[in-house]
Amino acid sequence: CWSSVLSLARRTRGSSARRAYTAVGDAVNLAARLESQTRQAGVGLLVSDTTCHAARLDLPDIFWIEVDQTQVKGRQQFVNIFTPVPAACLAEASTQDQLRNWQLALAAARLHHDASARAYLGRLNELLALNAHATPQQPTAGFAAQVQPADLFAAMAQRLMADLDRAATQTTLGLDDTQSPGART
């Protein structure tokens, strides 16, 4: 299912008995650049929109949460980036409300509607605080054990708020914001 991330090309080095396998192409370059951004984003895996759409077909039990839009070295256009979460983790209405507020905050930030983005982030933080007292979800083995949507939303909200604060400071100081509208890196 991750074939859209890596395309392997076989090439010969030295004798015909010895083969070296090398990952090549734009998809591999993009995957490497996104991998380097996982720590900053606070997630274990980031994929581009192309990979996300391809993986949806093969992984129906995974929901893909849009994390951000970022500029990747070597590309002129911004790339939408996603992280996977087991769909079962989003089954509760409270978690769906958190997701909805995250999506609205991200959309408002992209449109430079900072006041609206801050309001949605505030509501998201309220929902996270309300649900912190609820019984923690019992993670299943494997991938789901590593994913807690509340932690993911909290980290993404904190990062987006910091981006909004930085943009506001630049505007106040009269600095030129060189980022494309809606892109927060």
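Structure: see above.
As a convention, each chain's residues are numbered from 1 in the sequence order in which they are written. Whole-chain, interface and lining totals are the exception, using all residues; otherwise, since this is a predicted model, local features are given only for residues with pLDDT of at least 70 and side-chain atom pairs are given and counted only at 80 or more. As a rule here, side-chain values come from all non-hydrogen atoms in the structure, and water together with hydrogens is ignored.

**Q** Whenever I open this one, the pattern of salt bridges confuses me. Can you help?
**A** Side chains carrying opposite charge are able to pair once their charged atoms draw close together. By salt bridge we mean one thing: a side-chain nitrogen of Lys or Arg within 4 Å of a carboxyl oxygen of Asp or Glu. A complete count under the given rule lists seven salt bridges for this structure. Among the ionic pairs, Arg100 bridges to Asp97, the shortest N-O distance being 2.5 Å. Taken together, the positions of Arg100 and Asp97, both in helix α4 (residues 93-110) and three residues apart, correspond to about one turn of that helix. Note on classification: 1.4 Å probe, protein chains only; a residue is buried when its accessible area is under 20% of the maximum for its type, exposed when over 50%, partly exposed between these limits. When its relative accessible area of 28% is taken as the criterion, Asp97 is described as partly exposed. In the salt-bridge network here, residues are joined through shared partners; they are Asp68, Arg159, Asp163 and Arg166. Starting at the N terminus, helices and strands are each numbered in turn, a helix being any DSSP run of H or I of at least four residues and a strand any DSSP run of E of at least two.

**Q** Would you take a moment to explain the side chain of Thr83 for this structure?
**A** With respect to the helices, strands and loops of the structure, Thr83 is situated in strand β5 (residues 78-86). N or O atoms within 3.5 Å of each other form a polar contact, as long as, within protein, one can give a hydrogen and the other can take it, and as long as residues adjacent in sequence are counted only when both atoms are side-chain atoms. At 2.8 Å, the side chain of Thr83 and the backbone oxygen of Leu45 are in polar contact. Contacts between residues were defined by any pair of non-hydrogen atoms, one from each residue, lying within 4.5 Å. With near-sequence residues (within four places) excluded, Thr83 lies in contact with Val43, Leu45, Phe63, Trp64, Ile65, Val67 and Leu152.

**Q** Where do I start with the sheet that holds β5 in this structure?
**A** Strand pairing in a sheet relies on backbone hydrogen bonds. The paired strands run either parallel or antiparallel. Reading across the sheet, the three strands line up as β3-β5-β4 and stay open at both edges, with antiparallel pairing between neighbours. Among the strands making up the open sheet, the edge pair consists of β3 (47-48) and β4 (62-71). In this analysis, strands are considered paired if DSSP registers two or more bridges between them. Pairing analysis gives nine bridges linking β4 to β5, with the strands arranged antiparallel. The residue of β5 that forms the bridge with Phe63 is Val85. Set on the sheet, α4 makes contact with β4 and β5; between it and β4 the angle comes to about 20°. Axis lines are fitted through C-alpha atoms, for helices just across the contact stretch, and the angle between N-to-C directions can take any value from 0 to 180 degrees.

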